[in-house]
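Results of the structural survey
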Amino acid sequence: MKPDFSKRNQSSIETAFRFGQFELYPLERLLKRQGAPVSVQPKAFDALLLLVSRARHLVSKQELTGKLWPDVHVSERNLTNTIVSLRKLLGRDAVRTVSKHGYRFEPALISEPGVSPAVYEKFLRARQLIERRSLDQMDLARDLLWICLAEDPSFAQGWAWLGRCCWFLDKFGRTASANSDLAGAALRRALGLDPDLTDAHQFSTFLEVDTGRAADAVERLLDRLQLRPREPETYGSLVQALRFQGMLEESIEAHERAIELDPGAATSVAHTFFFKGDFASAIEAYSGRAAYYLDAAAWAGLGHYERAIGVLRQRLKKSSLSTVMTALMTSLLATLEGRTEEAVRAMQSAEVSRDPEIVAYFARHYSFLGLGEAAAAALNRAADEGFSCAPETLRGDPWLAALRKSGRFKLLLRQSEARLRAARSRVGTRFSGATTGRTAE
């Protein structure tokens, strides 16, 4: 029997944000510590509510000031004093300063208004599993999220993270599934419930670019910047969407803007540097992340083949790698060791239906092996599926030397240049306005 999504126990719905010893009741404008009311000045309460509602995300000084003093010009000292008063109430580490940028609420939320504590507890467990990026953990997370949403189908964050989970499983899973359709439906549901949900916009970008809709992603993200011009997550998403359209310079600009707004912002700029041929910067940007393929490929791009081989051999011993990632790393290792047949077999047998960027990486392997025509075919496929290899990559990547000797190269290059012109024509002015707007801030 299917669960009845129309029935909810309203008495079980949480009315407060809970963190540590505190409960924050937005409607009552009340803060409690261990059940006892705490006196909070109105401006401090407004600041706390904004910070808590955006937990895990940086809140800029401009956004806080605009919220607290919407019609009055005040000095930054007013905001500083407000934050100091909050730290006295909550503890000095509760609100972290991101120098010159803003503030981030540090305590972990254990409940939010509008969601039952039981549902939120399962959601937190699922989110932790998803952030580990393991296939086995993703399966568990998906099951937890389905339970959450069966109990509360109006929980927008639950739908967003279910979409992220399902897309990961569809992209890297070991067997065919319907996760792609589920991911799209879940993310549409999340945005239908909360059109302003940052996580849903980020996760929708992953799906769009991998299904040939990078242009749609760019348009949606630029629209979002009209509403939230200082949101680092949106610029971070643009890094990927712009790269898929061959706009490498713009992708790096989006990354720089994200980092200006939040020095801790995570983006995929390492891949952009890689396709620009700046392998050293790719390695630097990739460091500190879950390490798989990219830095090994960048070391190889720099000519340090033995180092790349050592890295790949060590990582391929892991049992938790997806079949797609295993094929990508195995083919690079075989390519570097001159085992052409094995490299080709690994690439041809890989089920890459949800990541055209990986197909572009395969093209580099084919070319390095001297298989220029196979490289051209792979790049054509990548373009058909939504990843346009930038003209500067085609002209300058040393691993594409065999491709450049192919009879198909000139046509590939002309098509890449035409796609880049079209992409810049569509978004150039809007993107330039978004990034250069910082000069007036």
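Structure report, in brief. (Residues numbered from 1 in each chain as written. Predicted model: local features only at pLDDT ≥ 70, side-chain atom pairs only at ≥ 80, totals over all residues. Heavy atoms only, no water.)

Further remarks concern the sheet that holds strand β1 (residues 17-19). The four strands are arranged β1-β2-β3-β4 in an open sheet whose pairing can be described as antiparallel. The sheet is open, and its two edges are formed by β1 and β4 (36-38), each paired on a single side. For this sheet the average axis-to-axis angle between neighbouring strands, irrespective of direction, equals 25°. Relative to β4, strand β3 (residues 30-33) runs antiparallel, the two being bridged by three bridges. Considered in β4, the bridge of L31 is made with V38. Strand contacts of helix α1 (residues 42-53): β1, β2 (22-25) and β3, with the helix running at about 105° to β2, the strand carrying the most contacts. (Pairing = 2+ DSSP bridges. Helix = DSSP H or I, 4+ residues; strand = E, 2+ residues; numbered from the N terminus. Axes fitted to C-alpha atoms, helices over the stretch in contact; angles between N-to-C directions. Contact = heavy atoms within 4.5 Å.)

Moving on, we come to the sheet that holds strand β7 (residues 102-105). Two orientations exist for strands paired in a sheet by backbone hydrogen bonds: parallel and antiparallel. Sheet architecture is open: three strands sit in the order β5-β7-β6, paired in antiparallel fashion. If you trace the sheet from one side to the other, it starts and ends with β5 (59-60) and β6 (95-98), each paired once. Along the sheet, α1 makes contact with β5, β6 and β7, crossing β7 at roughly 65°.

Below, the discussion takes up the packing of helix α11 (residues 248-261) against helix α12 (residues 269-276). Think of two packed helices as two axes; the pair is described by the angle between the axes and how far apart they sit. Interhelical geometry of α11 versus α12 gives an angle of 150° and a closest axis separation of 10 Å. The angle between α11 and α12 places the two elements in the roughly antiparallel class. Handedness of the crossing formed by α11 with α12: left-handed. On α12, the residues touching L248, E249, S251, I252 and H255 of α11 are V269, T272, F273, F275 and K276. When its residues are assigned to classes, the contact of α11 with α12 shows five nonpolar, three polar and two charged. (Parallel < 35°, antiparallel > 145°, perpendicular 65-115°, else oblique. Left-handed = near helix turned anticlockwise from the far one by under 90°. Nonpolar A, V, L, I, M, F, W, Y, C, P; charged D, E, K, R; others polar.)

Let us look at the pairing of β7. Moving residue by residue along a regular strand, the side chains alternate between the two faces of the sheet. Neither face of β7 is exposed, since G102 and R104 on one face and Y103 and F105 on the opposite face are all buried. Pairing between β5 and β7: two bridges, direction antiparallel. When the bridges of β7 are listed, S60 appears paired with G102. One ladder, built from four bridges, connects β6 with β7; its direction is antiparallel. In the strand pairing of β7, V98 is matched with G102. Between the end of β6 and the start of β7, which pair antiparallel, lie three residues, with K100 showing a positive phi angle near 70°. (Buried < 20%, exposed > 50% of the residue type's maximum accessible area, 1.4 Å probe, protein only.)

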